[in-house]
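If you want the building blocks of each chain, they are given just below.
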Amino acid sequence: MSDRRGGDAIGTRRRARGAGMAEFRALGLAPWLAEQARQVGLVRPTPVQAACIPAVLQGRDCLGCAKTGSGKTAAFVLPVLQVLSEDPYGIFCLVLTPTRELAYQIAEQFRVLGKPLGLKDCVVVGGLDMVAQALELSRKPHVVIATPGRLADHLRSSSTFSLKKLKFLVLDEADRLLEQGCADFTADLEVILEAVPARRQTLLFSATLTATLTELRALAANRPFFWEAASEVRTVEQLEQRYLLVPEAVKDAYLVHLVQTFQDEHDDWAIIIFTKTCKDCQVLNMMLRKYKFPSVALHSMMKQKQRFAALAKFKSSIFKILIATDVAARGLDIPAVQVVINHNTPGLPKIYIHRVGRTARAGRKGMAITLVTQYDIHLVHAIEEEIKLKLKEFSVEEQLVLDILTQVNVTRRECEIELEGMDFDEKKEINKRKQMILEGKDPDLEAKRKAELAKIKKKNKECREKVQQTLERKKQLQLKRKLQKRMERRKRKMEKEKEEQ
Ligand SMILES: Nc1ncnc2c1ncn2[C@@H]1O[C@H](COP(=O)(O)OP(=O)(O)OP(=O)(O)O)[C@@H](O)[C@H]1O
């Protein structure tokens, strides 16, 4: 009896896999590719894949906007591989992405899905040897996966490769690549767009495309196919979203308490903690390590090799807690992550969407907890308005937090002092200078300009203060005169009354 049931179950699974494969084939994918998708665990096409794959195979540009963890990567990797298999040459496809870690993750997807093709890929990201990359590029890989800054550097400095025959240009996290934030990619994108042919297919994907749609449409001008998930709510259903109202000074104690609770109750859970700054990230990691929590840090002030090592340790579950800045907010696909904790409330709703999207991926459950101080309540309202959902309060036993408060604050201070001894701020300054040089700016000239600007600002401020002081003095004088007059009047009145008596 039990054998028969087992046999039925296996049969059902096989039939389901067979049906999934047929669904991939029905999108226009070749049997070898549908089989490869099945082998790497893509059960059946997700909605974004079902919508975008046929459009890409028809030769159309494509803008795909779907929730985090919904399979956007395979939505462009699969059709690119199919077209590549029909007429393979290098360099056939260029994928641009905002972070180095994400570039490697996408390359991995190309590698596993394109294995039967003997696909040659090349990852071109900052922080690694440029000469080795230039050599690899000269060997004409089929697919180049790059961060814009480093690829633009190669295009400016070498002629060992050409992108002129490119068939596909993919912008993953396209809105991030186009926005002008602290890492501004626009100048590098200009260099890259000049190097790629005008006749190409452009594919743009993100979970948050809509704000930059006009710019994106200009990039994808070839009868673009636009697909957006129908749901009103911008985050996935399986994600439980909570907030925790905490006074600023008590934030770290709440964090330690949360981590301790999750570790005690679910020792197999992986947690990502997002912080506002690199320094915060470093200090919190030192602090959690002092409490013997298995944590690693990931931020842009670390050397690239350390960044990869930290991520690898987290992915392989050697360390269950990753403390990261927004460098890890987008795209990273780590299925085991159960909880995301926002140590600070993100200033932009779309950053919130990407951060919390590191959990509850591909239909799994997950939880996101955002620490909110009294100054951040308006940010939570903006987030709720954007995601079209109200966050629920997460309750903790406050006495337990109060019990550890002094100890946590002392430990934090100790870590800060330790970090000061490690010249963290000085390193930050050096990194800033390096970045400026890479952007073609002269750091000394920039510093001079900044100093001059500060001088002008200071002068203006002094001038404003002087005017203010003069006005104040005048006011005081007027008041004094008024009072004097009033007193004199009163005196005269009293004298007159006396005389009359
Ligand atoms: N058809 C499918 N069936 C099952 N799993 C899938 C399928 N397509 C993708 N996945 C899995 O879903 C996970 C998330 O996919 P992916 O990283 O492409 O998401 P995404 O939409 O790009 O998310 P983000 O917006 O966060 O970058 C991956 O682990 C991937 O292997």
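Residues numbered from 1 in each chain as written. Predicted model: local features only at pLDDT ≥ 70, side-chain atom pairs only at ≥ 80, totals over all residues. Heavy atoms only, no water.

1. A few points about the pairing of strand 7 (residues 225-228)
Threshold: Think of it in three bands: with a 1.4 Å probe and only protein chains considered, a residue is buried below 20% of the maximum accessible area for its type, exposed above 50%, and partly exposed in between. Secondary structure follows DSSP: runs of H or I at least 4 residues long count as helices, runs of E at least 2 residues long count as strands, and numbering of each begins at the N terminus. Two strands pair if DSSP finds at least two bridges between them.
Where burial is concerned, the two faces of strand 7 differ: the one with Phe225 and Trp227 is buried and the one with Phe226 and Glu228 is not. In the sheet, strand 1 (residues 62-65) pairs with strand 7 via four bridges, with the strands oriented parallel. Across the sheet, Cys65 pairs through a bridge with Glu228, a residue of strand 7.

2. A short note on the pattern of salt bridges
Basically, it comes down to this: What counts as a salt bridge is simple: a side-chain nitrogen of Lys or Arg found within 4 Å of a carboxyl oxygen of Asp or Glu.
With the rule as written, the count across this model stands at 23 salt bridges. As a salt-bridge pair, Asp175 and Lys350 come within 3.2 Å of each other at their nearest N and O atoms. Placement of the pair is Asp175 in helix 8 (residues 174-178) and Lys350 in helix 14 (residues 349-356), with a sequence separation of 175 residues. Among the residues examined, Asp175 registers a relative accessible area of 0% and is labelled buried. Among the residues examined, Lys350 registers a relative accessible area of 16% and is labelled buried. In this structure, a network of salt bridges that share partners links the residues Glu173, Asp175, Arg176, Glu179, Arg330 and Lys350.

3. Structural notes on the site of the ligand
Keep this limit in mind: Throughout this document, a residue counts as near a molecule or strand when at least one of its heavy atoms sits within 4 Å of that molecule or strand. A 3.5 Å cut-off defines polar contacts: any pair of N or O atoms within that distance qualifies, except that in protein one atom must be a possible hydrogen donor and the other a possible acceptor, and neighbouring residues in sequence count only when both atoms are side-chain atoms. Note on areas: Shrake-Rupley, 1.4 Å probe, and residue coverage restricted to the protein chains presented here. For this scheme, ten residues count as nonpolar: Ala, Val, Leu, Ile, Met, Phe, Trp, Tyr, Cys and Pro. Four count as charged, namely Asp, Glu, Lys and Arg, and the remainder, Gly too, count as polar.
With respect to spatial proximity, 20 residues lie near the ligand, and among them Arg44, Lys72, Thr73, Asp333 and Arg361 are the closest. One nitrogen or oxygen atom from the side chain of Lys72 is found 2.7 Å from an oxygen atom belonging to the ligand. Residue Arg358 places a side-chain N or O atom 2.8 Å away from an oxygen atom belonging to the ligand. Contact with the protein chains removes 89% of the 650 Å² of surface that the ligand exposes when unbound. Taken together, the residues of the shell around the ligand break down into four nonpolar, nine polar and seven charged.

4. As for helix 16 (residues 398-421)
Put simply, the test is: Here a helix's expected span is defined as the number of its residues, less one, multiplied by 1.5 Å. Fitting one axis to the seven residues ending at a residue and another to the seven starting there, the bend at that residue is the angle between the two axes.
Taking 1.5 Å as the rise per residue, helix 16 with 24 residues should run 34 Å; its terminal C-alpha atoms sit 34 Å apart, in good agreement. Along helix 16, the sharpest kink reaches roughly 45°, centred on Leu405. Of all the residues in helix 16, the buried ones are Val401, Leu405, Val408, Thr411, Arg412, Cys415 and Leu419.

5. Some words on unusual backbone geometry
Gly90 connects to Ile91 through a cis peptide bond whose omega is -10°. One can find Ile91 in the loop between helix 4 (72-86) and strand 2 (93-96). The backbone phi angle of Glu173 is positive, close to 55°, even though this residue is not glycine. Assignment of secondary structure puts Glu173 in the loop between strand 5 (168-172) and helix 8. Classification of Glu173 by relative accessible area gives buried; the value is 6%.

6. Description of the state of the cysteines
Where we set the bar: When two cysteine sulfur atoms are found within 2.5 Å, that pair is recorded as a disulfide.
A complete count under the given rule lists zero disulfides for this structure. Between Cys52, a cysteine without a disulfide, and Cys62, which holds the nearest cysteine sulfur, the sulfur-to-sulfur distance is 3.6 Å. Using a relative accessible area of 0% as the deciding quantity, one classes Cys52 as buried. With no disulfide of its own, Cys281 lies 7.0 Å from the sulfur of Cys278, the closest cysteine sulfur. Here Cys281 falls in the buried class, since its relative accessible area comes to 0%.

7. Some points on the side chain of Gln133
For clarity, the threshold we go by: It only takes one pair of heavy atoms within 4.5 Å for two residues to be counted as in contact.
Structurally, Gln133 can be placed in helix 6 (residues 130-138). Leaving out residues up to four positions away in the same chain, Gln133 has contacts with Val123, Val124, Val125, Leu128, Arg150 and His154.

8. Examining the nonpolar core
We count it as follows: Nonpolar cores are built from buried Ala, Val, Leu, Ile, Met, Phe, Trp, Tyr and Cys residues. Side-chain atoms within 4.5 Å join them into one set.
With 112 residues, the main nonpolar core has Phe110 and Phe262 as its most contacted residues. By residue number, the principal contributor to this core is helix 4, which donates nine residues. If sequence neighbours within four positions are ignored, Phe110 has contacts with Phe76, Val77, Val80, Leu81, Cys93, Val95, Lys115, Leu119, Val143 and Ile145. Judged by nonpolar contacts, the second largest core, of 30 residues, contains Leu63, Val124, Ala146 and Ala195.

9. Considering the sheet that holds strand 4 (residues 143-146)
Rules: Angles shown run from 0 to 180 degrees and are taken between the N-to-C directions of axes, each axis being a line fitted to C-alpha atoms and, for helices, limited to the stretch in contact.
Reading across the sheet, the seven strands line up as 3-4-2-5-6-1-7 and stay open at both edges, with parallel pairing between neighbours. At either margin of the open sheet sits one strand with a lone partner, and together these are strand 3 (121-124) and strand 7. Across the sheet, the axes of successive neighbouring strands diverge by a mean angle of 10°, strand direction being ignored. Here four bridges tie strand 2 to strand 5, and the two strands are oriented parallel to one another. The residue of strand 5 that forms the bridge with Leu96 is Leu171. With respect to the sheet, helix 5 (residues 100-113) is in contact with strand 2, strand 3, strand 4 and strand 5, its orientation differing from that of strand 3 by roughly 175°.

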